[in-house]
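# Secondary and tertiary structure notes
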Amino acid sequence: MAVIADRCPEVQVTVVDLNADRIAAWNDSDLSKLPVYEPGLDAVVGRCRGRNLHFSTGVDAAIAAADMVFLSVNTPTKTKGLGAGQASDLRWIEASARQVAACAQGNTIVVEKSTLPVRTAEAVQAILHASSSQVGSNGSAPTFSVLSNPEFLAEGTAITDLENPDRVLIGGEDQEAIDALAGIYGHWVAPERILRTNLWSSELSKLTANAFLAQRISSINSIAAFCEATGADVREVAKAIGTDSRIGSKFLQAGPGFGGSCFQKDILNLVYLCRHYGLEEVAAYWEQVVALNTWQQHRIACLVVTKLFGTVTGKRLAVLGFAFKADTNDTRESPAIRICHDLLEEGAQLAIVDPKVSESQIARDLGEASSGQDPSGHDSDGGGGSPGGWQLASSAVEAATGADAVLLLTEWAEFASLDWDAIASVMRQPAWLFDARATADADAARAAGLQVWRVGEA
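Residues numbered from 1 in each chain as written. Predicted model: local features only at pLDDT ≥ 70, side-chain atom pairs only at ≥ 80, totals over all residues. Heavy atoms only, no water.

## Here's the deal with the packing of aromatic side chains
Tallied over the entire structure, the rule returns 8 aromatic pairs. When the ring of F251 is compared with that of F263, the centres are 6.3 Å apart and the planes differ by 50°; the resulting orientation is tilted. Taken together, the residues span a long stretch of sequence, with F251 in the loop between α10 (234–242) and α11 (263–276) and F263 in helix α11 at a distance of 12 residues. A centroid spacing of 5.8 Å and a plane angle of 75° characterise the contact between F258 and F263, whose relative ring orientation is edge-to-face. Exposure remark for F263: the relative accessible area of 12% places this residue in the buried category. Members of the aromatic cluster, connected to one another through ring pairs, are F212, Y285 and W286. Residue placement shows R167 over the ring face of F152; its charged tip is 3.7 Å from the ring centre. Between the NZ or CZ atom of K356 and the centre of the ring of Y37, over which it lies, the distance is 4.3 Å. (Phe/Tyr/Trp six-rings, centres within 6.5 Å; stacked < 30°, edge-to-face > 60°. Helix = DSSP H or I, 4+ residues; strand = E, 2+ residues; numbered from the N terminus. Buried < 20%, exposed > 50% of the residue type's maximum accessible area, 1.4 Å probe, protein only. Lys NZ or Arg CZ within 6 Å of the ring centre and 35° of its normal.)

## Description of α10
Every buried residue of α10 is listed here: V234, A238 and G242. Burial along α10 is one-sided: seen end-on, the buried residues are contained in an arc of 65°. Residues of α10 that are exposed and point over 90 degrees away from its buried face: E236, K239 and A240. Packed against the buried residues of α10 are α9 (199–230). The backbone nitrogen of R235 has a side-chain oxygen 2.9 Å away, supplied by the residue at the start of α10, namely D233. (Arc of directions from axis to C-beta. Contact = heavy atoms within 4.5 Å. Polar contact = N/O pair within 3.5 Å; in protein donor to acceptor, adjacent residues only side chain to side chain.)

## Remarks on helix α13 (residues 335–345)
Taken together, the buried positions of α13 are P335, A336, I337, I339, C340, L343 and L344. Here the buried face of α13 lies against α12 (280–307), β8 (316–320), β9 (349–353), α14 (359–366), β10 (389–392) and β11 (405–408).

## Describing the pairing of β11
Residue alternation in β11 divides its side chains into two sets, A405 and L407 and V406 and L408, and both sets are buried. The sheet contact formed by β8 and β11 spans 4 bridges and is parallel. Across the sheet, the residue bridging to A318 is V406, located in β11. As paired strands, β11 and strand β12 (residues 432–435) are joined by 4 bridges and run parallel to one another. Of the residues in β12, the one forming a bridge with V406 is L433. (Pairing = 2+ DSSP bridges.)

## Section: the sheet that holds β10
What the 6 strands build is an open sheet, ordered β10-β9-β8-β11-β12-β13; its pairing is parallel. Here the strands that pair on one side only, and so sit at the sheet edges, are β10 and β13 (451–454). The average undirected angle you get between the axes of adjacent strands in this sheet is 20°. Against the sheet, α12 makes contact with β8, β11, β12 and β13, and its axis sits at roughly 170° relative to β12, the strand it touches most. Contacting β9 and β10, α14 runs over the sheet at an angle of about 165° to β10. (Axes fitted to C-alpha atoms, helices over the stretch in contact; angles between N-to-C directions.)

## Re the pattern of salt bridges
Counting across every chain of the model gives 19 salt bridges. A salt bridge links E122 to R119; the shortest N-O distance between them is 2.7 Å. Look at E122 and you get partly exposed, because its relative accessible area is 38%. Residue E280 pairs with R275 through a salt bridge whose shortest N-O separation is 2.9 Å. One continuous salt-bridge network, built from bridges that share partners, spans D233, R235, R454 and E457. (Salt bridge = Lys/Arg side-chain N within 4 Å of Asp/Glu carboxyl O.)

Listed below in structure tokens is the structure:
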């Protein structure tokens, strides 16, 4: 919405939310306090806020005034009930559609922006059309057109992705409504990059795109494990296959697996839908993509324990990075969470460093109290099977003080140029670097006396 406001100064954009604290943060005069960290977002918001970009808790009034309403609420995986663990929880989409139905006036274009299961638009249309027969306060019944306009941005590069999109996808049956939304994007997107489909193709395209990208990550991580067993180098293999024009080089970076708000959720939803339509073999195929991703994270944690003489109980481990990827403060489904959980189960004491993730967010994700360990990294009762704990550290050197190992789990740029001599000098020897992203200076780490494991190398 901020980019639309920036590129369409004549269009008034109002972002509404029921969470007053969140809206207050978006309105804070200090742009560094925006609730979402995304490179370049503060500059875009700074240019538009108060001009044609507004943040408000006045949901009903904003809907009533709007010609176009974007439904952008969360659609997490259900945790209980029918389809638990795979199906999308659509309660907020339904609630939003009902609120639009109750408050809209005149003709309103309703745009699905959330990632949704295919044919969700049917439910949205049913709710909206049920209100079309009711006369509003202005003496006429509202009318609605429903479009699907999924987003294909990536966190960390979202502003660039929005300003220079590969494609904009608009699905619907109402040509006038499609033209209206295409006209918004047409302010900065070439016409040939605005793709028009039916509603169901648009909804399914988002799930399919994420499934294909996640599949590539699981595929290269499976080959990384094979490389470690055979002496091949996964980066050389990735380069060799990536130069094939039929394959391409993107999403062939081996690592700790995919995370974020979309990939796992969308694949599991695809699995659920395939089973709903009786396509068991198709469901099993996509389910394995998620299973291998989980396996990769457990594999890395097990490898750390094995290399550290079969136990990490009471040992301090420095964890560099907790966000699911660099240049975001998002930790949803971050590989670091599962890896850290496994190590905490083994009794490790973790010292975690991340430039943008808060201590409170880490606490929510790990569900563990801070360890309160002494600076040496050893538990106060001398070990012997005590439960693990964690604490936040302000730097890599602080985290490594007294540690037996450093784990690099997020590819923040600052972790690529660390002072490994300084880090090694404060660690307990023999010490390890476990580089799950293959972005650290491995030669410098080895020269400093550390043993090094890099994903995809023997």
